[in-house]
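Architecture at a glance
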Amino acid sequence: MTQLLQKIIYPIPSICSETELFYRTNDIVEIKEGIVFLTKGKRLSFSTYFNSFSITKWLKYTYIDNVKLLISFKGSINVRLVHLYNKDYSLHEDTIKKENLNSTGSECILDFDKMKSDGIFSFEIESKSESTIIYDIGYITEINKKPRELNFAIGICTYKREEFLKRNLESLSSYIICNKNSILHNHLHVYIADNGQTLTKNEIERNNFIHLYPNKNCGGVGGFTRTMIEALFNSSNQYDYIILMDDDIVLDCRVLERTKILLSLLKPEFYQSMLGGALLSLECKNIQVENGGFYDKCKHINYGNLNLNVIESIILNNSKCNVNHNGWFYCCIPTSFINERNLPLPIFIHYDDIEYGLRDKFEFLLMNGICVWHPSTIGKDPLWMHYYNTRNQMIMDSGISLNMSLLSILKNVIKSCVVNCTRYRYEQFIISMQAYNDFYQGPNVFKEIDPVLLHKRLIYKYKYDWFELKHNISIEAPNYNKKLWYIRGVINYFLPTVKKECFTNNGNEYCNNFMVKNIIVYDQYNNKAYRLTKNYFQLLKCVRFMISTISLILFKHIKVWKQWNKSYGEFASLPFWKRYLEIE
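So, here's what we can say about the structure. Since this is a predicted model, take the numbers as computed values, not measurements. (Residues numbered from 1 in each chain as written. Predicted model: local features only at pLDDT ≥ 70, side-chain atom pairs only at ≥ 80, totals over all residues. Heavy atoms only, no water.)

Some details on unusual backbone geometry
The cut-off we apply is this: Helix and strand definitions here come from DSSP, where helices need a minimum of 4 consecutive H or I residues and strands a minimum of 2 consecutive E residues; each element is numbered from the N-terminal end. Under the scheme applied here, a residue whose accessible area is under 20% of the maximum for its type counts as buried, over 50% as exposed, and between as partly exposed, the area being computed with a 1.4 Å probe on protein chains only.
Here the phi dihedral of Asp88 falls at roughly 55°; this positive angle occurs in a residue that is not glycine. Turning to its location among the elements, Asp88 is positioned in the loop between β6 (68-87) and β7 (90-111). Asp88 gets classed as exposed once you look at its relative accessible area, which sits at 63%. A positive phi angle, near 60°, is found at Met515, a position not held by glycine.

In structure tokens:
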């Protein structure tokens with residue numbers, strides 16, 4: 001039987017108009033509602049992020065053993081099938097075949113012949129007639145085994161982001177839920193946890209496939225866990241996967257259809273794997289910010305900062321890399337792994353997705369063309385977020401036995417003091433030490449803390465004082481040697497200030513603040529900034545806090561570490577979550 005693997009898609013201006021993510025051309029082409037109009041000599045290449053075929057991944061994840069190109073068109077065209085791959089650190093392109101085709105509107109099929117073990121398949125089309133109309137293109141395969149029938153739940157946690165949410169729900173409704181031609185029609189439900197409790201059922205539940213639940217604001221993980229509970233424990237529907245999504249993404253629903261096709265053709269050994277979507281920048285839509293991640297003993301790697309308009313980046317995404325988690329902006333989890341004793345941890349925000357991936361030791365599937373766009377978060381974490389980053393990392397490390405030694409923890413405390421104080425980020429260090437102190441109070445104290453009140457206290461006490469700038473500023477990130485930078489930072493406190501201020505972009509780790517009084521941290525997207533000031537009193541306060549924190553860790557570490565490890569199962573259980581979210 002013939003099975004569609006990947007349909008060629010084109011830009012939807014309201015979602016993404018970055019054409020080189022979809023096709024390349026030697027001239028302007030006309031595309032209307034997915035139909036391409038070419039005049040003689042115009043050429044299209046599809047060696048792009050959305051429309052190339054990742055042969056490496058498809059061979060690894062699925063049982064397909066052949067790939068063909070199906071073209072429905074009218075006119076006369078030249079087609080060239082190509083194989084692109086990296087060899088000896090350079091890009092290679094092999095022509096598989098060239099064909100001259102003529103059609104009055106029927107379908108033509110070209111075989112890529114022998115399957116390759118690496119790189120991508122792609123193709124070029126050139127019009128040889130005065131007028132060529134291309135109706136449809138797709139990669140197909142011939143299989144003997146029927147694809148799996150799969151049902152999906154989407155879990156969205158939202159907090160007062162009505163504009164993004166309603167736009168995505170409208171897209172889901174029109175493209176999938178109410179569209180009988182969609183392969184996901186009647187196979188997808190949406191579950192929304194409204195942490196802000198600002199939405200009403202009348203405005204959201206416009207059909208029987210979208211479900212809204214007002215939810216206690218226990219952070220992002222509280223909302224996502226609520227969608228898991230409602231979809232998998234409180235619903236009569238049966239789902240094979242739940243796709244967790246942020247509320248402020250820009251979603252192309254065609255990505256969901258690609259997700260279904262890929263998962264329906266998996267080899268059995270990948271049935272229990274998570275599928276992770278890539279995160280692309282909403283401000284610069286061809287930039288990949290993250291594509292899976294790897295975490296081990298405080299070392300955190302995100303596979304990002306790639307320009308996806310470049311062919312080498314597309315092929316690099318196919319390379320084998322260590323991935324043990326994926327962000328919950330788009331993460332497809334097999335429901336067979338989610339049970340009453342295996343829910344996420346109640347850690348409010350950040351590290352929830354990392355912890356869940358590491359705990360269950362999932363293998364992660366990644367594929368070019370499965371992604372969402374999200375507002376840039378680089379350098380935009382609010383000051384209070386550093387509390388959750390520090391505390392949650394400690395909770396996670398204690399529970400999943402990453403063998404973090406006492407010495408490593410003490411080194412992290414000292415390093416945090418040096419790094420933050422050399423950047424004049426005294427409050428960031430203090431809030432991180434507060435997180436250590438709270439962690440070492442143990443899990444019993446943690447259970448008694450109201451997460452809503454704690455969050456309110458944090459955002460009230462720890463925040464940057466932003467101010468508007470009158471004009472834009474261009475700043476280059478400095479070149480630096482980390483060790484030398486730290487040494488300069490320490491020496492800086494023994495020298496007078498000779499310069500009033502220096503500038504750095506929000507997100508730059510370092511700036512040239514040697515003998516400088518103020519660091520102006522600039523947000524280039526919003527033309528705002530905040531000021532960090534050299535302060536000897538704050539420096540001494542940080543040193544005292546560091547010493548007291550080290551003393552606490554030395555005194556309590558072994559006992560408290562064991563307590564957290566023992567409590568892990570309780571925090572991940574359904575009875576705990578029902579009490580925590582007050583939904584019993």
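A look at the nonpolar core
Burial of nonpolar side chains together is a common tendency in soluble globular proteins. Rules: By nonpolar core we mean a set of buried residues, namely Ala, Val, Leu, Ile, Met, Phe, Trp, Tyr and Cys, connected to one another through side-chain atoms within 4.5 Å. When checking whether two residues touch, look at their non-hydrogen atoms; a contact exists if any pair is within 4.5 Å.
Ranked by size, the top nonpolar core spans 94 residues in total, and within it Val67, Ile125, Ile137, Val190, Leu256 and Tyr330 carry the most contacts. At 8 residues, β6 tops the list of elements feeding residues into this core. Ignoring anything within four residues of it in the chain, the contact list for Tyr330 reads Ile243, Leu244, Met245, Leu251, Val255, Leu256, Thr259, Leu275, Gly276, Gly277, Ile370 and Val372. Counting 87 residues, the second-largest nonpolar core is a separate cluster that includes Tyr213, Val516, Ile519 and Leu574.

What to know about the pattern of salt bridges
Rules: For salt bridges, the criterion is a side-chain nitrogen of Lys or Arg within 4 Å of an Asp or Glu carboxyl oxygen.
Inspection of every chain in the model, using the stated rule, returns 16 salt bridges. The partner of Arg254 in a salt bridge is Asp252, and the shortest N-O contact between them spans 2.7 Å. The exposure class of Arg254 is buried, given its relative accessible area of 13%. The buried category is assigned to Asp252, whose relative accessible area is 3%.

Focus: a nonpolar patch on the surface
Definition in use: Only residues whose relative accessible area exceeds 30% and that take part in no salt bridge are eligible for patches, with like-charged residues grouped when within 9 Å of each other and nonpolar side chains (Val, Leu, Ile, Met, Phe, Trp, Tyr) grouped when within 5 Å. Every accessible area reported is derived by Shrake-Rupley at a probe size of 1.4 Å, with residue values counting cover from the shown protein chains alone.
A cluster of nonpolar side chains, Ile414, Val418, Val490 and Phe494, forms an exposed patch at the surface whose accessible area comes to about 370 Å². Checked against the element boundaries, Val490 lands in helix α13 (residues 482-492). Among the residues examined, Val490 registers a relative accessible area of 42% and is labelled partly exposed.

Concerning the environment of Val560
Within the secondary structure, Val560 is located in helix α14 (residues 536-571). Considered as a pair, Val560 and Tyr440 are 120 residues apart in the sequence and their alpha carbons are 6.1 Å apart. Ignoring anything within four residues of it in the chain, the contact list for Val560 reads Phe439, Tyr440 and Gly442.

A closer look at the packing of aromatic side chains
For the record, the criterion: Paired rings are identified among Phe, Tyr and Trp, the last through its six-membered ring, by centres lying within 6.5 Å, and are further divided according to the angle between planes into stacked (under 30 degrees), edge-to-face (over 60) and tilted (the rest). Comment: the charge-over-ring label is applied if NZ (Lys) or CZ (Arg) is within 6 Å of the ring centre and within 35 degrees of the ring normal.
This structure, assessed with the given rule, holds 38 aromatic pairs. Summarising the aromatic geometry, the rings of Trp466 and Tyr530 are spaced 4.8 Å apart at their centres and angled 85° between planes, so their arrangement reads as edge-to-face. Of this pair, Trp466 sits in the loop between α12 (451-461) and β21 (467-468) while Tyr530 sits in strand β24 (residues 528-533), placing them 64 residues apart in sequence. Among the aromatic residues, those joined into a cluster by ring pairs are Tyr10, Tyr23, Phe46, Phe53, Trp58, Phe112, Phe121, Phe123 and Tyr139. Directly above the aromatic system of Tyr213 lies the positively charged group of Lys201, at a separation of 5.5 Å from the ring centroid. Positioned above the aromatic ring of Tyr493 is the side chain of Lys534, whose terminal nitrogen or guanidinium carbon lies 5.7 Å from the ring centre.

Details of the sheet that holds strand β22 (residues 499-505)
Hydrogen bonding along the main chain pairs the strands of a sheet, whether they run parallel or antiparallel. The cut-off we apply is this: Here a strand pair is declared whenever DSSP counts at least two bridges between the two strands.
Spatially, the 4 strands line up as an open sheet ordered β21-β24-β23-β22, and their pairing is mixed. Whereas interior strands pair on both sides, the edge strands pair on one side only; in this sheet they are β21 and β22. Looking at chain direction, β22 and strand β23 (residues 516-523) are connected through 6 bridges and run parallel. Each bridged residue has a counterpart across the sheet, and for Phe503 the counterpart in β23 is Ile520.

Comments concerning the packing of helix α9 (residues 406-422) against α14
Definition in use: Only C-alpha atoms enter the line fits that serve as axes; for helices the fit covers just the stretch in contact. Angles between N-to-C directions range over 0 to 180 degrees. Small angles under 35 degrees read as roughly parallel and large ones over 145 as roughly antiparallel, with 65 to 115 read as roughly perpendicular and the rest as oblique. With the far helix as reference, a near helix turned anticlockwise by less than a right angle produces a left-handed crossing, and one turned clockwise produces a right-handed crossing. Each residue receives one of three labels: charged for Asp, Glu, Lys and Arg, nonpolar for Ala, Val, Leu, Ile, Met, Phe, Trp, Tyr, Cys and Pro, and polar for the others, Gly being one of them.
With their axes 10 Å apart at the nearest point, α9 and α14 run at an angle of 165° to one another. One finds that α9 runs roughly antiparallel with respect to α14. Along this stretch, α9 crosses α14, giving a crossing that reads as right-handed. Along the contact surface, α9 presents Leu406, Ile409, Leu410, Val413, Ile414, Cys417 and Cys421, while α14 presents Leu539, Cys542, Met546, Ile550, Ile553, Leu554, His557 and Trp561. Within the contact of α9 with α14, the residues separate by chemical class into 14 nonpolar, 1 polar and no charged.

Any functional reading would require information that these geometric values do not contain.
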